[in-house]
Amino acid sequence: MGQFGEALRKERESRGVELQTISGSTKVVTRYLAALEDEHFEILPGGILSKGIVRSYAQTLGLDQGEWVERFLEASQRPVETDSDADWAEFAKNVSETRVIPARQSGLRLRWAGVALLVLVLVGFGWFVYRYVNGHVLAEEIHGHPMTSASVMPPAGNPGP
């Protein structure tokens, strides 16, 4: 193994990051990431895709993307592409901004759980009110008169019979 792959692996390991974590973040299969670290460059896709894998890997670890792409090109002895690095950076930025982040997904699930809980509370409150009102209506039907405080208590000025 040469200097590029060994240095890349050491950077990853020093940060305590697993290849699966990088794969999940970059959407690059673990096989390509391992090939990059083992310097099996023939396994990697050609052209701009290999550079993109290196850029994504470096970005995930917080490394200088340009420096690592240059080191990759030297180690792999691939010709420098004619693409514009600014165009590639803009493309990568757009892709990362449109990607759904799992934290957002869990926040959405929490929101829906809150809505479901609120609906259950409202249904329970409605059931309680219905039972309470229904109980008073039944009591009025049984006793033949409305059960109000005026019918239970005599007027204040009249001592009663």
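Just so you know, these numbers come straight off a predicted model, no measurement behind them.

A.B. asks: Help me get a handle on the packing of helix H1 (residues 3-14) against helix H4 (residues 48-61), residues and values and all.
C.D. replies: Where H1 contacts H4, the axes come no closer than 10 Å and their chain directions differ by 30°. Considering their axes alone, H1 and H4 lie roughly parallel with respect to each other. The handedness of the crossing between H1 and H4 comes out as left-handed. Contact residues: Phe-4, Leu-8, Glu-11 and Arg-12 in H1; Val-54, Tyr-57 and Leu-61 in H4. Looking at the contact of H1 with H4 residue by residue, the class counts come to five nonpolar, no polar and two charged.

A.B. asks: Explain helix H3 (residues 30-37) to me, using residue names and the numbers behind them.
C.D. replies: Every α-helix winds through 3.6 residues per turn, so residues three or four apart in the chain are directed the same way. Those residues of H3 not exposed but buried are Leu-33, Ala-35, Leu-36 and Glu-37. Where H3 is buried, its residues meet H1, helix H2 (19-26), H4 and helix H5 (65-76). Just downstream of H3 lies Glu-39, where phi reads positive at about 60°.

A.B. asks: Let's hear about the environment of Ile-22: which residues, and what values?
C.D. replies: As for its position among the elements, Ile-22 is in helix H2. Using a relative accessible area of 0% as the deciding quantity, one classes Ile-22 as buried. Considered as a pair, Ile-22 and Leu-61 are 39 residues apart in the sequence and their alpha carbons are 8.2 Å apart. Apart from residues lying up to four places away in sequence, Ile-22 is in contact with Arg-12, Val-17, Lys-27, Leu-33, Tyr-57, Thr-60 and Leu-61.

A.B. asks: Outline the packing of aromatic side chains, listing residues and values.
C.D. replies: Taken as a whole and judged by the stated rule, the model has five aromatic pairs. Seen in terms of ring centroids, Phe-4 and Phe-72 are 5.9 Å apart; in terms of plane orientation they differ by 55°. Their pairing is tilted. Pair noted here: Phe-4 is in helix H1 and Phe-72 is in helix H5, with a separation of 68 residues, a long-range link. Look at Phe-4 and you get buried, because its relative accessible area is 4%. Taking the centre distance of 6.4 Å and the plane angle of 20° together, the rings of Phe-128 and Tyr-132 count as stacked. Of this pair, Phe-128 and Tyr-132 both sit in helix H7 (residues 102-143), four residues apart, which is roughly one turn of the helix. The side chain of Arg-71 reaches across the aromatic face of Trp-68, ending 4.1 Å from its centre.

Cut-offs used in this document
Residues numbered from 1 in each chain as written. Predicted model: local features only at pLDDT ≥ 70, side-chain atom pairs only at ≥ 80, totals over all residues. Heavy atoms only, no water. Axes fitted to C-alpha atoms, helices over the stretch in contact; angles between N-to-C directions. Helix = DSSP H or I, 4+ residues; strand = E, 2+ residues; numbered from the N terminus. Parallel < 35°, antiparallel > 145°, perpendicular 65-115°, else oblique. Left-handed = near helix turned anticlockwise from the far one by under 90°. Contact = heavy atoms within 4.5 Å. Nonpolar A, V, L, I, M, F, W, Y, C, P; charged D, E, K, R; others polar. Buried < 20%, exposed > 50% of the residue type's maximum accessible area, 1.4 Å probe, protein only. Phe/Tyr/Trp six-rings, centres within 6.5 Å; stacked < 30°, edge-to-face > 60°. Lys NZ or Arg CZ within 6 Å of the ring centre and 35° of its normal.

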